[in-house]
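Here are the chains, one letter per residue:
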Amino acid sequence: MPVRVAVDAMGGDYAPSVVVEGAVEAAAEAGDRLAVLLVGRAAEIEAEIDRLGGAGDRVRVVDAPEVIGMGESPTVALKSKPQSSIHVGVGTVKQGKADAFASAGNTGAVMAAALFGLGRLPGVLRPALPGYLPTPTGTCVLLDVGANVEVRAEHLVQFARMGAVFGEFFLQTDAPTVGLVNVGEEPGKGTDTVKEAHATLAALGERGSIHFVGNVEGRDILQHAADVCVCDGFVGNVVLKLAESVATILPQMVKAEIGRQQLGPDSAGLVGGVLKGMLAPFDYQAFGGVPMLGIDGIVTIGHGGSSARAVKQMVLSSAGLVEQNLTARIARALQEPLPEPPSA
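Small disclaimer: the values here were computed from a predicted structure and weren't measured.

1. Brief notes about the overall build of the protein
Within the protein, the regular secondary structure consists of 12 helices and 11 strands. In summary, the protein has a C-alpha radius of gyration of 21 Å against a globular reference of 20 Å for 344 residues, a match within 12%. Projected onto its principal axes, the C-alpha positions of the protein cover 65 × 60 × 40 Å. For the protein, with 344 residues in total, the buried portion stands at 50%. For the protein, the share of sequence-separated contacts (at least 6 apart) that also reach a separation of at least 24 residues comes to 72%. Here the protein carries 26 positive and 37 negative side-chain charges, and the mean point of each set is 2 Å from the other.

2. Section: the packing of helix α6 (residues 153-170) against helix α7 (residues 192-207)
α7 packs onto α6 with a crossing angle of 40° between their chain directions and a minimal axis gap of 8 Å. Relative to α7, α6 is oriented oblique. Of the two elements, α6 crosses α7, and the hand of that crossing is right-handed. Of α7, the residues touching α6 (which contributes A153, L156, V157, A160 and R161) are T193, V194, E196, A197, T200, L201 and L204. Split by residue class, the contact of α6 with α7 holds eight nonpolar, two polar and two charged.

3. Comments concerning the sheet that holds strand β11 (residues 298-302)
A sheet is described by the order of its strands in space; here six strands give the open sequence β3-β2-β1-β4-β11-β10, paired in mixed fashion. Single-partner strands in this sheet number two, and they are β3 (59-63) and β10 (289-291). Neighbour-to-neighbour, the strand axes of the sheet open up by a mean angle of 25°, direction not taken into account. When strand β1 (residues 3-8) meets strand β2 (residues 34-40), the two strands line up parallel, connected through six bridges. If you follow D8 over to β2, its bridge partner there is V39. Each of β4 (100-103) and β11 is contacted by helix α5 (residues 107-118), which is oriented at about 175° to β11, the strand it contacts most.

4. Re the pairing of β2
In terms of residue burial, β2 counts as a mostly covered element, since seven of its seven residues are buried. Here β2 shows no split at all, with L34, V36, L38 and G40 on one side and A35, L37 and V39 on the other all buried. As for the winding sense of the linkage, the β-α-β connection from β1 through helix α1 (residues 17-30) to β2 is right-handed. Sheet topology note: the β2/β3 ladder contains five bridges and is parallel. In the sheet register, G40 faces β3, and the bridge partner there is D63. You can see the chain leave β2, run along helix α2 (residues 42-51) and come back into β3, and the turn it takes is right-handed.

5. Quick notes on the packing of aromatic side chains
One pass over the full model with this rule turns up four aromatic pairs. Both rings, one in Y132 and one in F166, keep their centres 6.3 Å apart while their planes meet at 25°; by these two values the pair is stacked. With Y132 in strand β5 (residues 130-135) and F166 in helix α6, this residue pair connects regions lying 34 residues apart in the sequence. For the pair Y132 and F166, a shared accessibility class is recorded, and that class is buried. Each ring, one from F166 and one from F170, has its centre 5.7 Å from the other, and the planes form 15°; the classification is stacked.

6. Overview of the packing of helix α4 (residues 85-94) against α5
Where α4 contacts α5, the two axes come as close as 9 Å, and the packing angle between them is 35°. The hand of the α4/α5 crossing is right-handed. Where α4 approaches α5, its residues I86, V90, V93 and K94 are matched on the opposing element by A109, V110, A113, A114, G117 and L118. Of the residues in the contact of α4 with α5, the class split is eight nonpolar, one polar and one charged.

7. Side note on the pattern of salt bridges
A complete count under the given rule lists 14 salt bridges for this structure. E72 is the salt-bridge partner of K81, the closest N and O atoms lying 2.7 Å from each other. On the basis of relative accessibility, which here comes to 29%, the residue E72 falls in the partly exposed class. A salt bridge links E257 to R260; the shortest N-O distance between them is 2.5 Å. With E257 and R260 both in helix α9 (residues 233-261), this residue pair falls three residues apart, about one helical turn.

8. Concerning the sheet that holds strand β7 (residues 177-181)
Picture the strands of a sheet paired through backbone hydrogen bonds; they go either parallel or antiparallel. Reading across the sheet, the five strands line up as β5-β6-β9-β7-β8 and stay open at both edges, with mixed pairing between neighbours. For this open sheet the edge positions go to β5 and β8 (211-216), each flanked by a neighbour on one side alone. The sheet shows a mean angle of 25° between the axes of neighbouring strands, direction not considered. Here α7 sits on the sheet and contacts β7 and β8; the angle it forms with β8, its principal contact strand, is near 155°.

9. Topic: the nonpolar core
Counting residues in hydrophobic clusters, the biggest one holds 103 residues, and the most contacted among them are V5, L34, V36, L38 and V230. Per-element accounting of this core gives the leading share, 10 residues, to α6. In this structure, L34 is in contact with P2, V3, V5, A26, A27, R58, V315, L316 and A319, ignoring residues within four places of it in sequence.

Rules used throughout
Residues numbered from 1 in each chain as written. Predicted model: local features only at pLDDT ≥ 70, side-chain atom pairs only at ≥ 80, totals over all residues. Heavy atoms only, no water. Helix = DSSP H or I, 4+ residues; strand = E, 2+ residues; numbered from the N terminus. Rg over C-alpha atoms; globule rule 2.2 N^0.38 Å. Buried < 20%, exposed > 50% of the residue type's maximum accessible area, 1.4 Å probe, protein only. Contact = heavy atoms within 4.5 Å. Lys, Arg positive; Asp, Glu negative; His and termini not counted. Charge placed at Lys NZ, Arg CZ, Asp CG, Glu CD. Axes fitted to C-alpha atoms, helices over the stretch in contact; angles between N-to-C directions. Parallel < 35°, antiparallel > 145°, perpendicular 65-115°, else oblique. Left-handed = near helix turned anticlockwise from the far one by under 90°. Nonpolar A, V, L, I, M, F, W, Y, C, P; charged D, E, K, R; others polar. Pairing = 2+ DSSP bridges. Right-handed = clockwise from strand over helix to strand, strands pointing away. Phe/Tyr/Trp six-rings, centres within 6.5 Å; stacked < 30°, edge-to-face > 60°. Salt bridge = Lys/Arg side-chain N within 4 Å of Asp/Glu carboxyl O. Core = buried A, V, L, I, M, F, W, Y, C linked by side-chain atoms within 4.5 Å.

Structure below.
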């Protein structure tokens, strides 16, 4: 039976055209292992399918006449637009008509709909959003990147446990290393919250539950000090957006330096080629989207500016998370009791 991925056809800056195109491409590439449900205004979706010359029998349309805009208040929109593509799309998962939901639409609305529509996995305190950062040796996972700007120690510990499970799938490694983002490497550094989280994670590491490597400073994240780097959503969002800015600012700096050194066309072209290759790992479109970890179901969130290529990757990634039973694996990992807190 194919994996069924419901896609928010109305979500994103360039919806529905690029969303429909990317979803149709994903269905074509995946073949019999994937079925796509395009959720949104049926007439607009069908017009896009006609423009593409058809979509095949593995793509069908689910009508949802309302649209939540990118700038709308998530909670207000969900209450006032019960027939939105986000609400209906999450509903297909809740009703068992789809195995996953993917959207490049209003992030807050998707998160709220998933939280209230599907609920948390047993024991989950706060769902978390991971992000991806390129390193000289591959990619590391950073979480949380914005869902939780204020956290307690137990939240950070749970992010680490969920991130380790996700890292196994995403990084294709059996024992991803886990680090705690901090202002120093020593266990005694940081806020009381971070120090408490460190103590619990160290105990989990001694038990063999996770491969905890201790604190990771900001300068070492992109050096791949750990496969999974854990922090609150405030820090994570700042780090992620700073890393994303590299792809924008470096070409400007290189162009200015080429002009300063008055390099000829051949030399400038050579430098530009090296720069293009170096910045390729920073392209979010290669990953498509990120899953909400801790939700009782697969919900993937993409960048609002997603292209058809990014949407295709988001849909394929969602199908892969279903095939890897990510939700069940996270649930099992969280069933293990935590160590007793250290005595004062």
